[in-house]
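Reading the structure
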Amino acid sequence: MRSVREMGSEQLRVTFHGVRGSTPCHGPATVKYGGNTACVSVQAEGQRPLLLDLGTGLRYFGKQFVEKDVPVNAVALVTHLHWDHIQGLPFFAPVLQPDARLEMFGPAQEDGTSFMESVKSIVRPPTFPVDMAGLHGRFSFHDVADNDFAIDGYSIKSRLVPHIGPTVGYRIEFGGVSIAYISDHQQPLDGSFSIADGVRELAEGADLLIHDAQYTPAEFVTKAHWGHCTTEFAVGVAMSCRAKRLALFHHDPERTDAELDATKACSESSGVEVFVAREGATINL
Ligand SMILES: [Zn+2]
Ligand SMILES: [Zn+2]
């Protein structure tokens, strides 16, 4: 079977709106790759856009709707509720319109708190001036764990991923193209290499794997239990799961443009097409 690229038809448009982990950053050392936190849009012709996480990059995705004065109708696939993955939601200007629609998927908490209750507990005083009702748009919520489901014409898998607290990753398939999104991934604490079955299901043979690459090996020694992994581990996951392309993602806020450029060079011998995710970059698959 010929690949989609050989067929000359592009099925999915993937745009990085925020590529940082933990907290936004700015300044001359981060101009090239950007400083907003996790948010990636996936768009297929005639389908609602899918938003992978709602970090601070979401605000920039939202500008097109405000500028064109068209109501947003989108789906958010949220991995977990750490600030860097949800903080853009209350600043997503299109949802101030009453005819806005945002359907959101995300994990429930271990104590049984639903994803909806968790989001509503974040977007309200005293952490934000207004509550979700004050945003005026219409929101719907779904809990996910290890699930397979369809959104419009997309086939979606959510699988629990090792991190800190309930966290999922997603696989999106559309028109024979597959994208795996594993933004925050705890590698084994002892430095060994193993991959959870659910993670493998997400990443196996993916045309594009977007994966946590927060730490250098030296940083992992002191932050092994903080829920993330090294660039080397991300490359290992891509190689083991035979992903075709790997986007290194969730960059540490301390990582400079020069260091990210050097990271790319270190990955060239892996056999996988590796690149460093950059804010504003679009890939057509
Ligand atoms: Zn994160
Ligand atoms: Zn996290």
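Notes on the structure follow. What you see is a predicted model; the values in this text were computed from it and never measured. (Residues numbered from 1 in each chain as written. Chains lettered and ligands numbered in written order. Predicted model: local features only at pLDDT ≥ 70, side-chain atom pairs only at ≥ 80, totals over all residues. Heavy atoms only, no water.)

On to the coordination of the zinc ion (ligand 1), then. For the zinc ion (ligand 1), the full set of protein donor atoms is Asp84 (OD), His85 (NE2), Asp184 (OD) and His250 (NE2), at a range of 2.1 to 2.2 Å. Angles of 91 to 169° at the metal separate the four donor atoms of the zinc ion (ligand 1), which places the site in the irregular class. All donors to the zinc ion (ligand 1) come from one chain, and their sequence spacing reads D-H-x98-D-x65-H. Taken as a pair, the zinc ion (ligand 1) and the zinc ion (ligand 2) show a spacing of 3.4 Å, with Asp184 coordinating each metal. (Donors = N, O, S within 2.8 Å, 3.2 Å for Na, K, Ca; no water. Tetrahedral: all angles 85-135°; square planar, octahedral: opposite > 155°, others 65-115°.)

To continue, consider unusual backbone geometry. Following Pro125, the chain continues into Pro126 via a peptide bond in cis, with omega recorded as 10°. Structurally, the position occupied by Pro126 is in the loop between helix H4 (115–122) and strand S6 (138–143). For Asp53, which is not glycine, the phi torsion reads 70° and is therefore positive. Looking at the element boundaries, Asp53 is found in the loop between strand S3 (50–52) and helix H2 (58–68). Despite not being glycine, Arg242 shows a phi value in the positive range, around 55°. Residue placement: Arg242 occurs in the loop between helix H7 (231–240) and strand S12 (245–249). Taking relative accessible area as the criterion, Arg242 reaches 60% and is therefore assigned exposed. (Helix = DSSP H or I, 4+ residues; strand = E, 2+ residues; numbered from the N terminus. Buried < 20%, exposed > 50% of the residue type's maximum accessible area, 1.4 Å probe, protein only.)

By the burial criterion, the buried members of H4 are Phe115, Ser118 and Val119. Looking straight down H4, one finds that the buried residues subtend no more than 95° of arc, so they occupy a single side. Tucked into the core, H4 has its buried residues touching helix H3 (83–86), strand S5 (101–106) and S6. (Arc of directions from axis to C-beta. Contact = heavy atoms within 4.5 Å.)

The next subject is the coordination of the zinc ion (ligand 2). Every protein donor of the zinc ion (ligand 2) is listed here as His80 (NE2), His82 (ND1), His163 (NE2) and Asp184 (OD), and their distances to the metal cover 2.1 to 2.5 Å. Angles of 89 to 171° at the metal separate the four donor atoms of the zinc ion (ligand 2), which places the site in the irregular class. Sequence spacing of the donor residues for the zinc ion (ligand 2), all on one chain, is H-x1-H-x80-H-x20-D. Since its relative accessible area comes to 31%, His82 is described here as partly exposed.

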